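Per-entry structural report
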Amino acid sequence: MIQDVLNRYVLQSAREVQFRLGHKTTFKKNQEWIETESESLSLSEWEDLKEACLQPDERIFLETKGYIRGVFSDQKNSWAFSFVELKENLKAHFSYVAKAKNTPFIQNAAYWEALKNNKGLHIISGFKQSGKSTLLHELIENLKKDSPQQVAVHSDPSILTHGSDENVFYLGLDSVNWETTHPFYDGIDIVILDANMVSDWAKWIHFAEEGKKVFVSLSADSVVNVLLQIKSQLSHQPELWARFVSQCSTFLHQKIVGLVEGSIHEILILKKEGKTQLLQPTSAVEVSQFESKNHYQSLNQSIIQAIVRRRFDVKTAFAISDDPEALDQQLKKMGL
C-alpha cells in the first residue's frame, strides 16, 4: 500500500519522495536526493499509485490537464502531492506535511500583537516545502479562537485546504482574478492568497484598504528578498507601491530546520518611521534599515532563542545560519 511505502520513508527522515515511470523511486533527506534499492517503477505500479491516491474526478482532471495537486492522508501522516503526465514524463511528487506546529516557535510578542489588528497585509515567505501553508492553517486556527472569522482561501489543494470548517471558504486559484466587488467576498473578514506569487497586487491591497485582514504567501529566501520582489513588480506604479507600504503590517520568513527541531523565523513589523523611509525614492531595502526604523528579528536571533531553549545544538545553528560569522559574534557576547 502507498501509505506504508511513504510512512517507511518518514521513518528515514525523508521530507520528499518522487516516483517516476521507468525509474527507481527517490527520496530527499537533508537536502540530498537518495535513490532507493527498489526496481524501476512499472506502468502497472504507476496506475496503482494513481488509483490509491486520486479520486475518480481527480483522475479525469489529470487525464485532461496533464497535472493535478492534492493531499493524501492516512491515520499516521499527510502528504501534499502532485501528479504529472506530460508526454513521456510521468512522475508523482510527495511532500511530507509535518505534524509539529510552527506557531509555538514564533517567540515574538510584537508579531502576535500585530496580528490582532483586524486589517492590514501580512506576508508569509520561505522556500518551497518550508511549511508556509501549514503555518497559515495554524494562524487561522489561532485567529478564530478569539472570535468567529469568515475566511476566504485562494490556494491549490494543500494542508491549508484539507479539512472542513463552516467559517472557511476554499476558492482555489481559478477564482483568483475575481473582482474585489464579487458578492462572494461580502462578509469575509480574512482573505488568504497561498500561491507563492502575486500577479496583481492591487486586489489584495484594496482588500486591506476596505478593512479586511489579508495574508499572502511568497517564495523567497529572506525578508529583504520579499520586499525587493514586490518593489520591482511595482517600480512603475509608485502610487500602488505607496498603497502597499501603507497597508503592509508584517513580514514573516520561515525556515524549516528539521522534523524534530522545528522552524526558525525572520520577522519584520513595519513602524511609521520605517514606512516613511521605504517610500523615499532613493531608499535602499536592507537589513540595517529594518533594525533602526522598525521592529525586526533576524534569523540569527531566532536561532539563539532555539539554542537557549535547547531545541538544537550550536553545530546545527551554524549549519543553518545565513550569516554564521555574525552568529559567532552574538554567541560570544552572550557567553554561549
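The text that follows walks through the structure, step by step, so that each part is easy to find.

Calculation criteria
- Residues numbered from 1 in each chain as written.
- Predicted model: local features only at pLDDT ≥ 70, side-chain atom pairs only at ≥ 80, totals over all residues.
- Heavy atoms only, no water.
- Salt bridge = Lys/Arg side-chain N within 4 Å of Asp/Glu carboxyl O.
- Helix = DSSP H or I, 4+ residues; strand = E, 2+ residues; numbered from the N terminus.
- Buried < 20%, exposed > 50% of the residue type's maximum accessible area, 1.4 Å probe, protein only.
- Pairing = 2+ DSSP bridges.
- Phe/Tyr/Trp six-rings, centres within 6.5 Å; stacked < 30°, edge-to-face > 60°.
- Lys NZ or Arg CZ within 6 Å of the ring centre and 35° of its normal.
- Polar contact = N/O pair within 3.5 Å; in protein donor to acceptor, adjacent residues only side chain to side chain.
- Axes fitted to C-alpha atoms, helices over the stretch in contact; angles between N-to-C directions.
- Arc of directions from axis to C-beta.
- Contact = heavy atoms within 4.5 Å.

Counted under the stated rule, the structure contains 12 salt bridges. The salt bridge partner of Glu47 is Lys50, with a shortest N-O separation of 3.4 Å. Linking Glu47 with Lys50, this pair stays in helix α2 (residues 43-53), spanning 3 residues, or about one helical turn. The exposure class assigned to Glu47 is partly exposed, which follows from its relative accessible area of 31%. Owing to a relative accessible area of 4%, Lys50 belongs among the buried residues under this scheme. Linking Glu273 and Lys293 is a salt bridge whose minimum nitrogen-to-oxygen distance equals 3.1 Å. In this pair, Glu273 sits in helix α9 (residues 272-278) while Lys293 sits in helix α10 (residues 287-293), placing the two residues 20 residues apart along the sequence.

Every other side chain in a regular strand lies on the same face of the sheet, so the side chains alternate between the two faces. In this structure, strand β1 (residues 16-20) lies alongside strand β2 (residues 26-29), joined through 3 bridges in antiparallel fashion. The residue of β2 that forms the bridge with Gln18 is Thr26. Taken together, β1 and the strand that follows it, β2, pair antiparallel across an intervening segment of 5 residues, in which Gly22 is found at a positive phi of about 85°. In this sheet, strand β6 (residues 89-97) lies alongside β1 in antiparallel orientation, the contact comprising 5 bridges. Its bridge partner being in β6, Phe19 is matched across the sheet by Ala92.

As enumerated under the stated definition, the model contains 17 aromatic pairs in all. Taking 5.9 Å as the distance between ring centres and 45° as the angle between the ring planes, the aromatic pair formed by Trp178 and Phe184 counts as tilted. Owing to a relative accessible area of 29%, Trp178 belongs among the partly exposed residues under this scheme. Chaining the aromatic ring pairs together yields one cluster made of Phe169, Trp178, Phe184, Tyr185, Trp204 and Phe207. Over the face of the ring belonging to Tyr9 we find Arg8, whose NZ or CZ atom lies 5.9 Å from the ring centre. The ring centre of Phe105 lies 4.1 Å from the NZ or CZ of Arg311, which sits over that ring.

What follows concerns the side chain of Asn77. Looking at where Asn77 falls in the secondary structure, it is placed in the loop between β4 (67-73) and β5 (78-86). Among the polar contacts made by the side chain of Asn77, one reaches the side chain of Asn7 at a distance of 2.7 Å. Separated by 3.2 Å, the side chains of Asn77 and Tyr96 make a polar contact.

This part takes up the sheet that holds strand β11 (residues 213-219). Ordered by their spatial adjacency, 8 strands build an open sheet running β9-β8-β10-β11-β7-β12-β13-β14, and the pairing between neighbours is mixed. With one partner strand each, in any of the chains shown, β9 (168-170) and β14 (295-297) form the two edges of the open sheet. Pairwise comparison of adjacent strand axes, ignoring direction, gives a mean angle of 20° for this sheet. Where strand β8 (residues 151-155) meets strand β10 (residues 190-194), 5 bridges bridge the pair, whose relative direction is parallel.

Burial in helix α1 (residues 2-11) covers these residues: Ile2, Leu6, Asn7, Tyr9 and Val10. Seen along its axis, α1 keeps its buried residues to an arc of 155°; they face one direction. Residues of α1 that are buried make contact with β1, β2, α2, β4, β5 and β6. Downstream of α1 by one or two residues, Ser13 has phi in the positive range, about 65°.

Another aspect to go through is the sheet that holds β4. Consider a sheet: its strands pair through backbone hydrogen bonds, and that pairing is either parallel or antiparallel. In space, the 6 strands of this open sheet follow the order β3-β2-β1-β6-β5-β4, with antiparallel pairing throughout. Since the sheet does not close on itself, it has two edges, and those belong to β3 (32-35) and β4, each with one partner. The sheet shows a mean angle of 20° between the axes of neighbouring strands, taken without regard to direction. Examined bridge by bridge, β4 and β5 share 7 bridges and lie antiparallel to one another. In the strand pairing of β5, Arg69 is matched with Ser82. Lying on the sheet, α1 is in contact with β1, β2, β4, β5 and β6; it crosses β1 at an angle near 135°.

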